[in-house]
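# Per-entry structural report
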Amino acid sequence: MLDRVAQAQHTIEEACRGLDRQITVMEVCGTHTVSIFRSGIRSILPDKLKLLSGPGCPVCVTDQGYIDTMMRLADRADCLVATYGDMIRVPGSDGSLETRASRGNVKVVLSSEDALQLARDNPEKTVVFIAVGFETTTPATAVVVQEAAREGIENFCVLSNHKLVIPAIRALLGGMNDRIDAFLCPGHVSVIIGSGAFREIVRDYRRPCVVAGFEPLQILEGLAEICRQFAGGTAEVKSMYKAVVTEQGNIAAQRIVAECFEPVDGYWRGIGKIAKSTLALKEQYRRFDAFARFGLEDKPGKEIRGCRCGEVLCGLMDPIECPLFGTRCTPQKPIGPCMVSSEGTCAAWFKYGRRN
Amino acid sequence: MCLAVPARIIELEGDRAVVDAMGNRWKAKTTLLPDAKLGDVVLVHAGFAISTVDEEEAKKTWELFAEIENMGSEKFDG
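Predicted, not measured: the structure shown is a model, and the values here were computed from it. Position numbers for residues start from 1 in each chain and track the written sequence from start to end. Written order determines the labels here, with chains lettered from A and ligands numbered from 1. Totals for whole chains, interfaces and linings use every residue, but because this is a predicted model, local features are given only for residues with pLDDT of at least 70 and side-chain atom pairs only at 80 or more, for both listing and counting. For the side-chain quantities, the full set of heavy atoms in the structure was used; hydrogens and water were omitted.

Attention now goes to a negative patch on the surface. All names here are of chain B. A cluster of acidic residues, Asp54, Glu56, Glu63 and Glu67, forms a negative patch at the surface. Secondary structure elements are taken from DSSP: a helix is a run of H or I of four residues or more, a strand is a run of E of two residues or more, and numbering for both begins at the N terminus. Turning to its location among the elements, glutamate 56 is positioned in helix α1 (residues 55-77). Take glutamate 56: its relative accessible area is 54%, and that puts it in the exposed class. Think of a patch as exposed residues, more than 30% relative accessible area, with no salt bridge, where like charges cluster within 9 Å and nonpolar side chains (Val, Leu, Ile, Met, Phe, Trp, Tyr) cluster within 5 Å. Values of accessible area rely on a 1.4 Å probe in the Shrake-Rupley scheme; residue burial ignores everything except the protein chains shown. By definition, a salt bridge exists where a carboxyl oxygen of Asp or Glu is found within 4 Å of a side-chain nitrogen of Lys or Arg. Neither His nor the chain termini are counted; the positive set is Lys and Arg, and the negative set is Asp and Glu. In this description, the location of a charge corresponds to atom NZ of lysine, CZ of arginine, CG of aspartate or CD of glutamate. For the exposure calls, accessible area comes from a 1.4 Å probe over protein chains only, and a residue counts as buried if that area is under 20% of its type's maximum, exposed if over 50%, partly exposed in between.

Next up, the structure:
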């Protein structure tokens, strides 16, 4: 293994030596962010290679408007809110789900199946599943929506905020931050959408897109591949995670998602509205749509005062440049979502920053 | 959030499976991986198998987990 580390490092150094400017690589996956920081990869990279963390942590990119809607539903006596653990501590304008959990109408689930089971077990309540996540997580939501429809479990609904990674990359390159030179693409999102999904980014923006797994060696080899492409003046899609990522992805998962969901315009923290970037339930499943059921609108919320998470998410500033970072905003008392989520860029900087 | 772990299917009935990773067992569904068979090693995310994994790749991840666990206990003991 050490041979491969040395070889990757050598490729990176050789390629960077020949470059006349710094190149910026963005990873768009919270799990990559954590792995990069934990392993200390940044500390061994040459100055000419800069890594940025992009909008890849689902908790972090969720707009404040959605978070406040989620709190309103958790305040209703007739609702039971089921959420993955990541969302529980995110602050709304009035407390978090955690502060509401003591009242008994918020439950943490490990799977969408558990949320549907809660609906079966609590017929007197409407179970609202907080459906947050990128393409890896969406199929699990689609499966239970179909299951609920089949079984006629009418006291179940989902508040969908499932996001799509390609429109986010396009929004960045299309104006938010076009200084990004290449992307380290998310491994498990690619299991579902396939590495081929990134071809349009290469075609339209000529940026190398390299899919990598989550072990430090794979990330380092992914960066070496990006550097190799730069040195050779090419831009391609390449997967370093062939053990699980195919060109076409998981077709069965794509099919079930397409049956249930359709892309609509959606709000992202710090980026704003991105066309066709968020998944909403299709007409035939509308009765399981929490927005429709409770007459709610998915509209942007008021940003938290002083919080610079939006700029951090776009790679426009490092967390350390935010005046709240490490002073008023810490993992123990987070103000912004990038500090709340264990996969958030600010949390990673706080925890590992000193040695990176 | 998009993290998935490799685990072996040790029971399978329809799309309902029990999976095992290093002795930890839990329920998962194979709805998204209709060709999954008993004994296959699969990546599991939020209760669903999303891809098959080859044995070697899975072993690397399990070894890494074991290493992290040992690091934790060493720290705790020492």
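All names here are of chain A. Two cysteine sulfurs form what is called a disulfide whenever their separation falls within 2.5 Å. For the structure on display, the rule yields one disulfide over all chains. Disulfide pairing places cysteine 57 opposite cysteine 60 at an S-S distance of 2.4 Å. On the sign convention where negative means left-handed, the S-S torsion of about 75 degrees between cysteine 57 and cysteine 60 marks this disulfide as right-handed. Considered together, cysteine 57 and cysteine 60 belong to a single accessibility category, that of buried residues. Cysteine cysteine 79 remains unbridged, with the sulfur of cysteine 157 as its closest cysteine sulfur at 6.7 Å. On the basis of relative accessibility, which here comes to 0%, the residue cysteine 79 falls in the buried class. The structure places no disulfide on cysteine 309, whose sulfur is separated from the nearest cysteine sulfur, that of cysteine 307, by 3.5 Å.

What follows is about the pattern of salt bridges. Residue and element names in this part refer to chain A. Considering all chains together, one arrives at 27 salt bridges over all chains under this definition. Ionic pairing is found between aspartate 75 and arginine 100, a salt bridge with its closest N-O pair at 2.8 Å. With aspartate 75 in the loop between α4 (64-74) and β3 (79-83) and arginine 100 in helix α5 (residues 97-101), this residue pair connects regions lying 25 residues apart in the sequence. Arginine 100 sits in the buried class, given a relative accessible area of 3%. Between aspartate 78 and arginine 76 there is a salt bridge, and its shortest N-O distance comes to 2.9 Å.

Residue and element names in this part refer to chain A. In the contact formed by helix α2 (residues 30-39) and helix α16 (residues 345-352), the axes pass within 10 Å of each other and the chain directions differ by 10 degrees. The orientation of α2 relative to α16 falls into the category roughly parallel. For the pair α2 and α16, the contacting residues are Thr33, Phe37 and Arg38 in the first and Thr345, Ala348, Trp349 and Tyr352 in the second. Residues are sorted three ways: Asp, Glu, Lys and Arg are charged, Ala, Val, Leu, Ile, Met, Phe, Trp, Tyr, Cys and Pro are nonpolar, and all the rest, Gly among them, are polar. For the contact of α2 with α16, the residue count by class is four nonpolar, two polar and one charged. In this analysis an axis means a line fitted to C-alpha atoms, helices contributing only their contacting stretch, and an angle means the value between N-to-C directions, from 0 to 180 degrees. Between 65 and 115 degrees an angle is taken as roughly perpendicular, under 35 as roughly parallel, over 145 as roughly antiparallel, and anywhere else as oblique. By the convention used here, residues are in contact when the closest approach between their heavy atoms is within 4.5 Å.

Here we take up the sheet that holds strand β9 (residues 237-239) of chain A. Residue and element names in this part refer to chain A. By the convention used here, strands pair only if DSSP detects at least 2 bridges between them. Strand order in the open sheet formed by five strands is β2-β1-β7-β8-β9, with parallel pairing between adjacent strands. Taken across any chain shown, the strands that pair with only one partner, and hence form the sheet edges, are β2 (49-53) and β9. When the angles between neighbouring strand axes are averaged without regard to direction, this sheet yields 20 degrees. Bridge count for strand β1 (residues 23-27) against β2 is five bridges, and the pairing is parallel.

Attention shifts here to helix α1 (residues 2-17) of chain A. Residues and elements named next belong to chain A. Expected span, for any helix, means 1.5 Å times one less than how many residues it has. With 16 residues, α1 should reach 22 Å at 1.5 Å per residue; the first-to-last C-alpha distance of 22 Å fits that figure. Among the residues of α1, Ala8, Ile12, Ala15 and Cys16 are the ones counted as buried. Looking straight down α1, one finds its buried side chains confined to an arc of 100 degrees; they lie on one side. Looking at α1, the residues exposed on the side facing more than 90 degrees away from the buried face are Leu2, Asp3, Gln7 and Arg17. What the arc covers is the set of directions going from the helix axis to the C-beta atoms.

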